[in-house]
Amino acid sequence: MIVVMAVGATEQEAEGVRELVRSSGLTPHDNYGTQRIVIAVLGDVAPQREHLMSKLSVMPGVDTVTAISRPFKLTSRESHPEDTIIEIGDTRIGNGTLTIMAGPCSIENREMMLATARCVAKAGATVLRGGAYKPRTSPYSFQGLGIEGLKFLQEAGEMTGLPTITEVMEPSQVEVVAQHADILQVGTRNMQNYSLLTAVGKAGKPVMLKRGYGAMIEEWLMSAEYIVSSGQPNVILCERGIRTFDTYTRNTLDLTAVPVLHHLTHLPVIVDPSHATGKRWLVKPMSLAAVAAGADGIMVEVHPQPEEALSDGEQSLTYEQFTDLTDDLLRIHEQVRTLIKDPYAMTGPVKVDGSSKP
Ligand code: PEP
Ligand code: MN
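Residues numbered from 1 in each chain as written. Chains lettered and ligands numbered in written order. Predicted model: local features only at pLDDT ≥ 70, side-chain atom pairs only at ≥ 80, totals over all residues. Heavy atoms only, no water.

Chemist: Just to check I follow, could you spell out the overall build of the protein for this structure?
Modeler: On a plain count of helices and strands, the protein comes out with 12 helices and 14 strands. Against the compact-globule benchmark of 21 Å for 358 residues, the protein has a radius of gyration of 21 Å, which places it among compact chains. Dimensions of the protein, computed from C-alpha atoms along their principal axes, come out at roughly 65 × 45 × 40 Å. By residue count, 54% of the 358 residues in the protein fall in the buried class. When contacts within the protein are restricted to residue pairs at least 6 apart in sequence, those whose partners lie at least 24 apart make up 69%. Roughly 15,400 Å² of accessible area belongs to the protein as shown, and the carbon and sulfur atoms make up 53% of that amount. On the protein, the mean spot of the 32 positive side-chain charges and the mean spot of the 42 negative ones are 2 Å from each other. (Helix = DSSP H or I, 4+ residues; strand = E, 2+ residues; numbered from the N terminus. Rg over C-alpha atoms; globule rule 2.2 N^0.38 Å. Buried < 20%, exposed > 50% of the residue type's maximum accessible area, 1.4 Å probe, protein only. Contact = heavy atoms within 4.5 Å. Areas by Shrake-Rupley, 256 points an atom, 1.4 Å probe, with all protein chains shown as cover. Lys, Arg positive; Asp, Glu negative; His and termini not counted. Charge placed at Lys NZ, Arg CZ, Asp CG, Glu CD.)

Chemist: Got a minute to help me understand the coordination of the manganese ion (ligand 2) in this structure?
Modeler: When a metal holds four donors in a tetrahedron, each ideal angle between them is 109.5 degrees; when it holds six in an octahedron, the ideal angles are 90 or 180 degrees. Protein-derived ligands of the manganese ion (ligand 2) are Cys105 (SG), His275 (NE2), Glu301 (OE) and Asp312 (OD), with the metal-ligand distances lying across 2.0 to 2.4 Å. Here the donor residues of the manganese ion (ligand 2) are spaced in sequence according to C-x169-H-x25-E-x10-D. Pair noted here: Glu301 is in strand 14 (residues 297-301) and Asp312 is in the loop between strand 14 and helix 11 (319-339), with a separation of 11 residues, a long-range link. (Donors = N, O, S within 2.8 Å, 3.2 Å for Na, K, Ca; no water.)

Chemist: Quick question: what am I supposed to make of the pairing of strand 2 (residues 27-32) here?
Modeler: Two faces belong to every sheet, and in a regular strand the side chains alternate between them. Bridge analysis of strand 2 against strand 3 (residues 37-42) gives six bridges, and the strand direction is antiparallel. Paired with Asn31 across the bridge in strand 3 is Val38. (Pairing = 2+ DSSP bridges.)

Chemist: Any chance you could explain the sheet that holds strand 3 here in plain terms?
Modeler: Within a sheet, adjacent strands bond to each other through the backbone by hydrogen bonds, running parallel or antiparallel. Ordered in space as 2-3-1-4, the four strands form an open sheet in which the pairing is antiparallel. On the outer flanks of this sheet lie strand 2 and strand 4 (62-66), each paired with one strand and no other. Pairs of neighbouring strands in the sheet enclose a mean axial angle of 20°, with direction left out of account. Where helix 1 (residues 11-23) meets the sheet, it contacts strand 1 (2-5), strand 2, strand 3 and strand 4, and its direction lies at approximately 150° from that of strand 2. Sheet contacts for helix 2 (residues 49-57): strand 1 and strand 4; angle to strand 4, the most-contacted strand, approximately 165°. (Axes fitted to C-alpha atoms, helices over the stretch in contact; angles between N-to-C directions.)

Chemist: I keep staring at the site of ligand 1 and nothing clicks. Help me out?
Modeler: In the region of ligand 1, the neighbouring residues are Arg129, Lys134, Pro135, Glu167, Gln185, Gly187, Thr188, Arg189, Lys210, Arg240 and His275. In the model, an oxygen atom of ligand 1 is placed 3.3 Å from a nitrogen or oxygen of the Arg189 side chain. Measuring from an oxygen atom of ligand 1, one finds a side-chain N or O atom of Arg240 at 2.6 Å. Burial of ligand 1 by the surrounding chains reaches 96%, relative to a free accessible area of 290 Å². Of the residues that constitute the shell around ligand 1, the class distribution is one nonpolar, four polar and six charged. (Near = heavy atom within 4 Å. Polar contact = N/O pair within 3.5 Å; in protein donor to acceptor, adjacent residues only side chain to side chain. Nonpolar A, V, L, I, M, F, W, Y, C, P; charged D, E, K, R; others polar.)

Chemist: Looking at this structure, how should I read helix 10 (residues 280-292)?
Modeler: Three or four residues apart is the spacing at which side chains of an α-helix point the same way, because the helix has 3.6 residues per turn. Burial in helix 10 covers these residues: Leu282, Val283, Ser287, Leu288, Ala290 and Val291. Buried-residue contacts for helix 10 involve strand 13 (269-271), helix 9 (273-277), strand 14 and helix 11. Directly after helix 10, the chain includes Gly294, whose backbone phi takes a positive value near 105°.

Chemist: How should the pairing of strand 12 (residues 235-239) be read in this particular structure?
Modeler: The element strand 12 is largely enclosed, with a buried count of five among its five residues. Of the two faces of strand 12, the one lined by Val235, Leu237 and Glu239 and the one lined by Ile236 and Cys238 are each fully buried. As judged from the four bridges shared by strand 11 (residues 207-210) and strand 12, these two strands associate in the parallel manner. Looking at strand 12, one finds that Val207 is bridged to Val235. Regarding topology, helix 7 (residues 217-229) serves as the crossover connection from strand 11 to the parallel strand 12, and that connection is right-handed. Bridging between strand 12 and strand 13 involves three bridges; their strand directions are parallel. Each residue of the ladder has a partner; that of Leu237, found in strand 13, is Val269. Taken together, strand 12, helix 8 (residues 257-264) and strand 13 form a β-α-β motif whose crossover is right-handed. (Right-handed = clockwise from strand over helix to strand, strands pointing away.)

Listed below in C-alpha cells is the structure:
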C-alpha cells in the first residue's frame, strides 16, 4: 500500500500516518520526492487492507492511498514515481544520463589495470569496472586476484577520478569490497543469493544487480527489493542476457526488459552486451540498440590485448573499438534524448491492478 501525501503536507501529518501504520503492526517506509512524501506500507497488509485504507485516506495531509498488487513494493514505480538518480561524487546514474561502465573482465595485474583505466577514461567511460573475485564456470580457470586486485582497481579509480565497480560473490567479501570500490556488483549467478543480497544492502554502497540468466523480470525485481529493504536505495539493474534455445550467441540479450523495467520501476537500467553476446563484433550494435531502447547506460569489457586475456577475451573490445563505440554512443544518446524525453512517459500510467499495458 502506498500513501501519497499532499503537496505541502506537514511533517507532523506524515508522522500521524507513520504512527497509524506502526500501530497496525506494519512498517512505514518514506520516499521523499521533489514535491511530496510518499509513504510505502510494508508487511502483510492483506488482512486489514480495506479497514486501513479507509482510515488512512481521511487523515490530514493525505492525498491518495493505493493498494499495490505487485509483490515488489519499494522498487515499484507506484511507491516512487520519479526516477532514482544515483550520485557518486560528480557522477550521476539514471534519469536520462548516459553511464558508460568499462574495463577488463578480470584485473590481471597492476599495469594492465592502470593502462586500461587510462584508455577508457580518455575515451569517455564514466565508471571503471574490473573483476577481482571471478565467478568462473570451471574451477580450473583464473579465479581473480582477490584483495590485491581490489587495490589495483582502487588505485586506477583514484588515478582517473572515475568511480569503480567490482563483483562481490559472497557475504564474507562484502566488507572488503565495500572498502575498495564505489559500486558493488552482484553477478548473474548470485541474483537469488538472498544472504548476499541482504549483506550488500547493508554495506552502505550502491549496488548493481545483474539479471539471473534464467530469471524472470519479476524475480529480478524481488531480488532488488531484498537490497532496498535491507537499507540500500541506490540499486542499478543490469540486463546481461538470458539463456534461450539459441546458442549462436553466449546469451540472448533481452532488450525488451529495458522499457519494461522503466515501466515497472524507478531504478536505473544498464545493459551489458559483452556477456549477453559473447562476441566482440556484436558489442557495438547491441550497445547502440540498448541506448536507443532507453537504457541509462552500458557496461562493456575492454582489454589492451583481448587475445591474451585471462577471461572473456572473445567479447572484450580493443582500445580502438571502445573509442569508436563511445563516439557513436554519445551521438545516439543525444538523438534519443530528443525523441524519448521520458521513456516512462511512453509507457503510460502504471495501474495498480497490474493490468496496465503500454
Ligand atoms: C562480470 O561482469 O564480470 C560477470 C561475471 O558478469 P555476469 O555475472 O553477468 O556473468
Ligand atoms: Mn567477463
